[in-house]
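Each chain, letter by letter, is given below.
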Amino acid sequence: MELFLLEEAAIGGHPDARYNLACYEERKGRTDRAVKHWIIAANLGHDKSLIELKECYANGDVSKDDFAAALRSHQAAVDATKSSQREEAAKAEAAGEL
């Protein structure tokens, strides 16, 4: 049941669910499937997935082209979420104003 809910959340676009599903696949020895999930999560801006892909690239489980594409997509997703309001809120939170 839990795996079904994780899959549903991943299909729905939740990057943490996609990351967790990838970790599950890796534990089961299905690295190729795990890599696909990490690439999708990285494309959504998930930082931990990018770290996992970097490790997979170092181990030879991900091609240079696939890793580079995931890196570019990750950066584009992160850039898309940046705004002056978010930066001001982060500064206020760091200063203890929130």
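Shown above is the structure to which this text applies.
Described below are features of the structure shown in this document. Predicted, not measured: the structure shown is a model, and the values here were computed from it.

The rules we used
- Residues numbered from 1 in each chain as written.
- Predicted model: local features only at pLDDT ≥ 70, side-chain atom pairs only at ≥ 80, totals over all residues.
- Heavy atoms only, no water.
- Helix = DSSP H or I, 4+ residues; strand = E, 2+ residues; numbered from the N terminus.
- Expected span 1.5 Å × (residues − 1).
- Contact = heavy atoms within 4.5 Å.
- Core = buried A, V, L, I, M, F, W, Y, C linked by side-chain atoms within 4.5 Å.
- Buried < 20%, exposed > 50% of the residue type's maximum accessible area, 1.4 Å probe, protein only.
- Arc of directions from axis to C-beta.

Some remarks on helix α2 (residues 15-27)
- An ideal rise of 1.5 Å per residue puts 18 Å on 13 residues; α2 measures up with 18 Å between its terminal C-alpha atoms.
- Against the buried residues of α2 lie α1 (2-11), α3 (31-43) and α4 (47-59).
- Phi turns positive one or two residues past the end of α2, at glycine 29, with a value near 85°.

Re the nonpolar core
- Counting 13 residues, the largest nonpolar core has Val35, Trp38, Leu53, Cys56, Val62 and Phe67 as its most contacted members.
- If you list the elements that add at least two residues to this core, you get α2, α3, α4 and α5 (64-80).
- Among the elements that make up this core, the one with the highest residue count is α3 (four residues).
- Non-local contacts of cysteine 56, meaning those with residues more than four positions away in its chain, are made with Val35, Trp38, Asp61 and Val62.

Structural notes on α5
- With 17 residues, α5 should cover 24 Å at 1.5 Å per step; its first-to-last C-alpha distance of 24 Å lies within 8% of that length.
- For α5, every residue scored as buried is listed here: Phe67, Ala70, His74 and Ala77. The arc that holds the buried residues of α5, viewed along the axis, is 90°, so those residues lie on one side. Along α5, exposed side chains directed more than 90 degrees from the buried face belong to Lys64, Asp65, Arg72 and Ala80.
- If you follow the buried residues of α5, they end up packed against α3 and α4.

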